[in-house]
Amino acid sequence: MSPKKVIAVVGATGAQGGGLVRAILNDKSGEFTARAITRDVNSPKAKELATLGAEVVAADVDELDSLTRAFADAYGAFCVTFFWAHFSPEREAAEAANMAKAAKKAGVKHVIWSTLEDTRRWIPLSDNRMPTLKDKYKVPHFDAKGESNKVFLEQGVPTTLLHTSFYWDNFIYFGAGPKPGPDGVLALSFPMGDKPLPGIAAEDIGKCALGIFKANGEYIGKSVGIAGEHLTGTQLAAGLSRALGREVRYNDVPPEVYRSFGFPGADDMGNMFQFKRDFNSAFVGARSLEVSRRLNPELQTFDRWLDRNKSKIPLE
Ligand SMILES: NC(=O)c1ccc[n+]([C@@H]2O[C@H](COP(=O)([O-])OP(=O)(O)OC[C@H]3O[C@@H](n4cnc5c(N)ncnc54)[C@H](OP(=O)(O)O)[C@@H]3O)[C@@H](O)[C@H]2O)c1
């Protein structure tokens, strides 16, 4: 029997990487083993992954040598950055470059880089429909990822560019869920107009990534976009109303109002929604539900995700 191929997973204790580690460990074909990368092998989440059967190793995406060691002898590497840990697009780009260099040095055969669009391709800095942020970005947490696609190509690493979607889990963990308005009625507020927002259960990203690794190199050198469903704000609110048994309205706030909400990153998120709204056919068109389902036959719909997660959504 040939030895199992190692997939080294960055962000293994988080949403995307955690989904992939669990998908590998649950995969009955047993083609791969999971090497979970964490900064702290003794954290409860890291220990849980070890208990489930993952090899757990320490590395930091800010330290090239530690990443190179963590990628050694791996067939595959799942690479993701953590914009919201530091809010710096430059640091995110440096982290992506570290991962690309480490993958090259370690001779990794297939990298999946979890990326997003460089929105400046559609809305250049000179376009005043949305403000320029941090001097040279429109949507900093998108642009730095898209700009970093080239570092994987420059290193000559066999790479799949994985374009992810808005996690429905943001309704639980990211403060993006329905909030009571002055009249007490719950409202879901974001500036998508009547345009669909590609969304996905965060754990399905890892399952789709496993599908990509299992496809015998078919997706190397390609871009793949994934989503569970493309739903409008009105459809998301209707799904939430059904699941919660309580009225939820969709509140289509203008992007400039969203940008002024005042939480850290509100300007970045406001620009992000405006980009997804105003360049909707390109953004939605890059995320095929059919391809996502082929990669991950267990792909969840929003209703299915709600069935499993509605009790976790904070409503205050
Ligand atoms: N929220 C969304 O809707 C959405 C949609 C598409 C894309 N994204 C992107 O997804 C990315 C985040 O991925 P995620 O949601 O999977 O992250 P996450 O759940 O926040 O997990 C982050 C994990 O990464 C690890 N980590 C943080 N800093 C690290 C470092 N310097 N070196 C090594 N590991 C580090 C941490 O693990 P340890 O503490 O164990 O080291 C943590 O568990 C962001 O860049 C965001 O822009 C988000």
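Residues numbered from 1 in each chain as written. Predicted model: local features only at pLDDT ≥ 70, side-chain atom pairs only at ≥ 80, totals over all residues. Heavy atoms only, no water.

Here we look at the sheet that holds strand β11 (residues 223–225)
No. 1: With parallel pairing, the 7 strands of this open sheet are ordered in space as β3-β2-β1-β4-β5-β6-β11. Where the open sheet ends on each side, the last strands, each with one partner, are β3 (55–58) and β11. In this sheet, neighbouring strand axes are inclined to one another by 20 degrees on average, regardless of whether the strands run parallel or antiparallel.
No. 2: Pairing of strand β5 (residues 110–115) with strand β6 (residues 159–163), which is carried by 5 bridges, proceeds in the parallel orientation. By the bridge assignment for β6, T115 is matched with H163. (Pairing = 2+ DSSP bridges. Helix = DSSP H or I, 4+ residues; strand = E, 2+ residues; numbered from the N terminus. Axes fitted to C-alpha atoms, helices over the stretch in contact; angles between N-to-C directions.)

Let's talk about the pairing of β6
No. 1: Burial of β6 is extensive: 5 of the 5 residues sit out of reach of the surface.
No. 2: You can see the chain leave β5, run along helix α6 (residues 140–154) and come back into β6, and the turn it takes is right-handed.
No. 3: Examined bridge by bridge, β6 and β11 share 3 bridges and lie parallel to one another. Bridge pairing in β11 links H163 to G225. (Buried < 20%, exposed > 50% of the residue type's maximum accessible area, 1.4 Å probe, protein only. Right-handed = clockwise from strand over helix to strand, strands pointing away.)

Points about the site of the ligand
No. 1: Around the ligand, 25 residues are found, and the nearest of them are T13, T38, T81, K145 and Y167.
No. 2: D60 is positioned with one of its side-chain polar atoms (N or O) 3.0 Å from a nitrogen atom of the ligand.
No. 3: Within the side chain of K145, a nitrogen or oxygen atom sits 2.7 Å from an oxygen atom of the ligand.
No. 4: Within the complex, 81% of the 930 Å² of free accessible area of the ligand lies under protein.
No. 5: Among the residues forming the shell around the ligand, the class breakdown is 10 nonpolar, 10 polar and 5 charged. (Near = heavy atom within 4 Å. Polar contact = N/O pair within 3.5 Å; in protein donor to acceptor, adjacent residues only side chain to side chain. Areas by Shrake-Rupley, 256 points an atom, 1.4 Å probe, with all protein chains shown as cover. Nonpolar A, V, L, I, M, F, W, Y, C, P; charged D, E, K, R; others polar.)

A closer look at the pairing of strand β4 (residues 76–79)
No. 1: Here β4 shows two buried faces, one formed by G76 and F78 and the other by A77 and C79.
No. 2: Taken together, the 3 bridges between strand β1 (residues 5–9) and β4 define a ladder with parallel strand orientation. What sits directly across from A8, in β4, is A77.
No. 3: Bridge analysis of β4 against β5 gives 4 bridges, and the strand direction is parallel. Residue A77 lies in a different strand from β5, and its bridge partner there is V111.

Concerning the layout of surface pockets
No. 1: The space that makes up the second largest pocket amounts to roughly 400 Å³.
No. 2: In terms of lining residues, the second largest pocket is bounded by 24 residues, among which G175, A176, K179, S189 and F261 are the most central.
No. 3: Looking at the lining of the second largest pocket, the element that brings in the most residues is strand β9 (residues 186–189), giving 3 residues.
No. 4: Grouping the amino acids of the lining of the second largest pocket by side-chain chemistry returns 16 nonpolar, 5 polar and 3 charged. (1 Å grid on protein atoms, 1.4 Å probe; cavity = no way out; pocket = protein on both sides within 12 Å on 5 of 7 lines; lining within 4 Å. Points joined across faces, edges and corners; volume = space filled by probe spheres on them.)

Some thoughts on the sheet that holds strand β7 (residues 166–167)
No. 1: If you trace the 3 strands from one edge of the open sheet to the other, you get β7-β10-β12, paired in mixed fashion. The open sheet is flanked by β7 and β12 (229–231), the only strands paired with a single partner.
No. 2: Where β7 meets strand β10 (residues 197–200), 2 bridges bridge the pair, whose relative direction is parallel. Note on β10: the bridge partner recorded for Y167 is I200.

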